Structures are given as C-alpha cells and as structure tokens.
Amino acid sequence: MRRREFLGGLGATGAAGLAGCADLFETRSRGEPPVIEDRPEAVYYPTHYEGMQMAGMAKDGAYKCALTYSFPHRFWLVTGDRREKVELQERDSMHLMPVVWHEETGIVPPDVNPQVTIRRDGESVTSVSPWPMLSQPMGFHFGDNVQLPTEATYQVEIAVEDGSSRRTGSLANAGSASFEFSMEYSKSKMEEIMVTDVPKDKQGTKGAVSPMEMKMLPSTQLPKSNNLPGSVRGTGTSGDGEFVVTTLDDASRFGGKEGETYLAVSPRTPYNRYPLPLMSLSATLQRDGETVYDDILQTTIDPELNYHYGASVSEVRSGDELTVTVDAPPQTARHEGYETAFLDMPELTMEL
C-alpha cells in the first residue's frame with residue numbers, strides 16, 4: 001500500500017473515521033508539509049488531512065463520550081480577531097480529542113469544556129483542557145496535542161461541566177458528567193491512522209474536504225437551510241461564514257412572552273455546514289425606517305434548531321430589514337483550511 005493514500009470507512013479495530021495501515025511514523029519523521037503561503041482569506045483545501053482512532057466509548061447521565069486521537073499536528077488559536085499558530089513540539093505524542101454529545105438529540109455542545117486527566121498506574125501524567133476546534137473532516141470538536149512519556153496503557157478521566165449556553169427541551173437539564181477510559185498508546189496503534197494528501201491542484205483553492213464517515217459518532221453538521229424549523233427568511237454571508245435566518249411563531253420555549261416571535265440566526269461554515277460557535281452577535285431589526293429590535297442575540301442550543309443565536313421579538317413581517325453584527329468572531333481554534341476564514345466578519349444586512 002502506498003504511503004499516505006486514502007482509505008475510507010470504519011477500521012476492523014473499531015476506529016472511527018479513516019483508518020488503515022499507513023506508516024504514520026515515517027510521515028512524522030518527514031514533518032508536515034509547509035503551510036500554503038498564498039492562501040485565501042476564506043475556507044480552502046488544506047495540504048492534507050488525517051484519520052483517527054477511538055480508544056473507547058462511555059456514558060454518564062445525558063451524555064456519551066468517545067475518546068479519540070490522531071497524530072499530533074499544527075493548529076491555530078484565536079483570540080479576538082487574531083490567530084496564533086501552535087507548532088508541533090518534538091515530544092508531542094498524539095492529538096487527543098474527547099467527543100461529547102447529548103445522547104437523546106445527538107448534538108455535540110460546544111460549551112461543556114472537557115477537562116482531561118491522564119494517569120499511569122495511578123500516577124498523574126498530565127492534565128489538559130482541550131481547545132474547542134473546527135476541522136474540515138471532523139467538524140466541531142475539542143482537541144489538543146499531548147505528551148506521553150512512553151508506550152503504555154493509560155487511564156484517562158474526562159469531566160464535562162453544565163453548559164453555559166441557553167438550552168431548551170431535553171438539553172436544559174443535561175447537567176455535568178464524567179467518563180473513564182483505558183487507552184493504549186503504542187506505535188502499532190498509531191500506524192493504523194491514515195494521512196491523506198489533497199491533490200496539488202486543489203491545495204489552497206476555495207473549498208473543503210468532505211466530512212468523515214463516523215458511523216459510531218454523531219455528525220456536527222447543522223441542518224440544511226430548508227430543513228430548519230419555522231419560516232426561513234434568508235441567508236447572508238460574512239467572513240466566508242453563512243448565516244441562515246429563520247423565525248418561529250412561538251417564542252415561549254426560548255423565554256419569550258406569549259405572542260412573541262423567535263428570531264434565530266444559524267451561522268455555519270460553507271460546504272460542510274458546521275456550526276460557528278462561541279461568537280458574539282447582535283442584531284437590529286427595522287421596519288419602515290423604525291427600529292423594532294436592537295440588542296444581542298443569545299447563544300442557544302435547541303433540539304430542533306441545534307446551536308444558534310436568537311432573540312424574542314414582537315413580530316417579524318415580510319420586508320423587514322435585519323442587520324447582524326459580529327461583535328466577536330468564533331473563538332475556536334482551527335485546523336488547516338479554516339484558519340484564514342471567520343476572522344474579519346463585517347456586518348450583514350438582509351431583507352426578510
């Protein structure tokens with residue numbers, strides 16, 4: 001089998017996503033390909049992408065958790081509208097990714113902030129708070145590079161807190177949760193992870209690689225615009241993000257008063273429809289030159305609307321003008337292909 005070739009589907013070992021028999025350690029010794037210099041301020045095809053392995057799955061309360069990992073790689077942190085590249089370190093062992101989802105709805109909430117403790121034979125090895133991240137093949141997840149001293153079996157404890165976003169329905173009382181795993185770290189396990197080179201003629205051009213097929217894990221893709229509940233009023237773009245606006249006649253489950261309308265804005269990545277979480281949004285709704293609403297849009301997770309930003313308003317009429325202002329872009333780390341997008345996000349205006 002040629003090194004770094006593509007293999008889709010679920011590996012025989014039960015790994016989620018892309019797995020096979022490529023020699024990852026040969027790939028690592030050569031280092032990652034250089035970052036493309038002339039890349040657009042938009043979502044673009046990266047130089048390569050990776051598969052992953054799954055160490056196990058656990059359940060506690062309303063949540064399930066899968067402990068997954070890939071080989072360590074570069075990524076970019078975002079603070080405000082600035083990005084900072086995190087380089088590979090010589091001692092990095094793996095990129096650890098706890099995937100936590102609400103079992104009933106299948107939603108992966110971006111606000112549970114997993115805390116990971118790794119032990120060996122009862123002795124603490126390291127503790128990390130993985131970053132919220134966006135990846136083209138995997139979507140939204142939490143992840144970080146970790147350093148392990150040797151090939152061994154490690155005990156991994158993951159704790160998630162009660163989410164900070166407004167939640168509705170069965171998500172409202174999900175609470176906190178904790179999970180325990182046994183994880184083998186070995187060269188042979190790492191060698192099963194595939195690395196896929198994107199064709200040279202696509203690298204750095206606008207577009208995105210397709211989502212992984214993760215049969216054992218939920219997708220973080222948002223519903224297509226025509227599948228959102230309520231009355232879809234329009235779609236706008238800002239900083240290469242897509243913003244879909246829909247309204248629901250009954251705002252009561254979102255804390256609205258009787259007779260009020262719920263205005264929901266669903267930002268997502270182009271191509272793969274992943275959520276753009278951890279933003280600060282505000283909106284101005286105008287009718288015939290008069291301001292009907294001018295305030296923040298509250299981060300909300302709803303079983304039907306999924307992750308979005310919303311507000312209760314008196315009503316929305318055809319022809320109203322909505323202006324959405326991005327007060328802070330998504331405060332998520334990004335894998336290659338997303339790091340140049342969703343930073344400079346000017347306000348957008350649309351007629352509803």
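Residues numbered from 1 in each chain as written. Predicted model: local features only at pLDDT ≥ 70, side-chain atom pairs only at ≥ 80, totals over all residues. Heavy atoms only, no water.

### Focus: the packing of aromatic side chains
The description of two aromatic rings rests on the distance between their centres and on the angle between their planes. This structure, assessed with the given rule, holds 4 aromatic pairs. With a centroid separation of 5.3 Å and 80 degrees between ring planes, the pair formed by Phe 140 and Phe 142 is classed as edge-to-face. Given a relative accessible area of 3%, Phe 142 falls into the buried group. Look at Tyr 338 and Phe 342: their rings are 5.8 Å apart centre to centre, the planes differ by 45 degrees, and that puts the pair in the tilted class. The exposure class of Tyr 338 is buried, given its relative accessible area of 0%. (Phe/Tyr/Trp six-rings, centres within 6.5 Å; stacked < 30°, edge-to-face > 60°. Buried < 20%, exposed > 50% of the residue type's maximum accessible area, 1.4 Å probe, protein only.)

### Quick notes on the pattern of salt bridges
Under the counting rule described, the total for this entry stands at 12 salt bridges. Put simply, Arg 39 and Glu 339 hold a salt bridge, and the shortest N to O gap is 2.6 Å. Separated by 300 residues along the polypeptide, Arg 39 in the loop between helix 1 (24–30) and strand 1 (48–50) and Glu 339 in the loop between strand 22 (333–334) and strand 23 (348–351) bring together distant segments of the chain. On the basis of relative accessibility, which here comes to 0%, the residue Glu 339 falls in the buried class. As a salt-bridge pair, Lys 85 and Glu 87 come within 3.3 Å of each other at their nearest N and O atoms. Exposure remark for Lys 85: the relative accessible area of 32% places this residue in the partly exposed category. Because the salt bridges share partners, they merge into one network encompassing Arg 287, Glu 315, Arg 317 and Asp 320. (Salt bridge = Lys/Arg side-chain N within 4 Å of Asp/Glu carboxyl O. Helix = DSSP H or I, 4+ residues; strand = E, 2+ residues; numbered from the N terminus.)

### Concerning the confidence of the model for the protein chain
The predicted coordinates should not be examined in detail at positions where pLDDT is low. Predicted confidence across the protein chain gives a mean pLDDT of 90, with 91% of residues reaching 70 or more. Taken as a whole, residues 1–30 scores under 50 in pLDDT and shows 78 contacts with residues more than four places along the chain or in a different chain. (pLDDT = per-residue confidence, 0-100. Contact = heavy atoms within 4.5 Å.)

### Some thoughts on the environment of Leu 278
Its location among the elements puts Leu 278 in the loop between strand 17 (261–268) and strand 18 (280–287). Sequence-wise, Leu 278 and Pro 110 are 168 residues apart; in three dimensions their C-alpha atoms are separated by 7.7 Å. Among all residues touching Leu 278, those that are not within four sequence positions of it are Pro 110, Pro 132, Tyr 307, Tyr 309, Pro 329, Pro 330, Gln 331 and Thr 332.

### Let's talk about the side chain of Thr 332
Topologically, Thr 332 is positioned in the loop between strand 21 (321–328) and strand 22. Discounting chain neighbours no more than four positions away, the residues touching Thr 332 are Val 78, Pro 132, Leu 134, Phe 140, Pro 277 and Leu 278.

### A word on the nonpolar core
The biggest cluster of nonpolar side chains holds 75 residues, and the ones touching the most others in it are Met 94, Leu 96, Ile 158, Phe 179, Phe 243, Leu 281 and Leu 322. For this core, the leading source of residues is strand 6 (residues 94–102), giving 6 residues. Counting residues in each nonpolar core, the second largest holds 8 residues, with Val 244, Tyr 262, Ala 264 and Leu 305 among its members. (Core = buried A, V, L, I, M, F, W, Y, C linked by side-chain atoms within 4.5 Å.)

### Section: the pairing of strand 21
Inspection of the sheet shows strand 18 paired to strand 21 by 7 bridges, in the antiparallel sense. Bridging across to strand 21, Gln 286 finds its partner in Glu 321. Of the pairings in the sheet, the one linking strand 21 to strand 23 comprises 4 bridges and is antiparallel in character. Across the sheet, residue Glu 321 finds its bridge partner in strand 23, namely Glu 351. (Pairing = 2+ DSSP bridges.)

### Some thoughts on the side chain of His 335
Note that His 335 resides in the loop between strand 22 and strand 23. Engagement of the side chain of His 335 in a polar contact is seen with the side chain of His 141, the distance being 3.3 Å. Once residues within four sequence positions are removed from consideration, His 335 is found in contact with His 73, Trp 76, His 95, Met 133, Leu 134, Ser 135 and His 141. (Polar contact = N/O pair within 3.5 Å; in protein donor to acceptor, adjacent residues only side chain to side chain.)

### Overview of the sheet that holds strand 7 (residues 115–120)
Within a sheet, neighbouring strands are paired by backbone hydrogen bonds and run either parallel or antiparallel to one another. Ordered in space as 8-7-11-13, the 4 strands form an open sheet in which the pairing is antiparallel. Where the open sheet ends on each side, the last strands, each with one partner, are strand 8 (123–128) and strand 13 (177–185). Pairs of neighbouring strands in the sheet enclose a mean axial angle of 20 degrees, with direction left out of account. Pairing of strand 7 with strand 11 (residues 152–160) involves 5 bridges; the strand directions are antiparallel. Counted as the bridge partner of Arg 119 is Gln 155 from strand 11. (Axes fitted to C-alpha atoms, helices over the stretch in contact; angles between N-to-C directions.)

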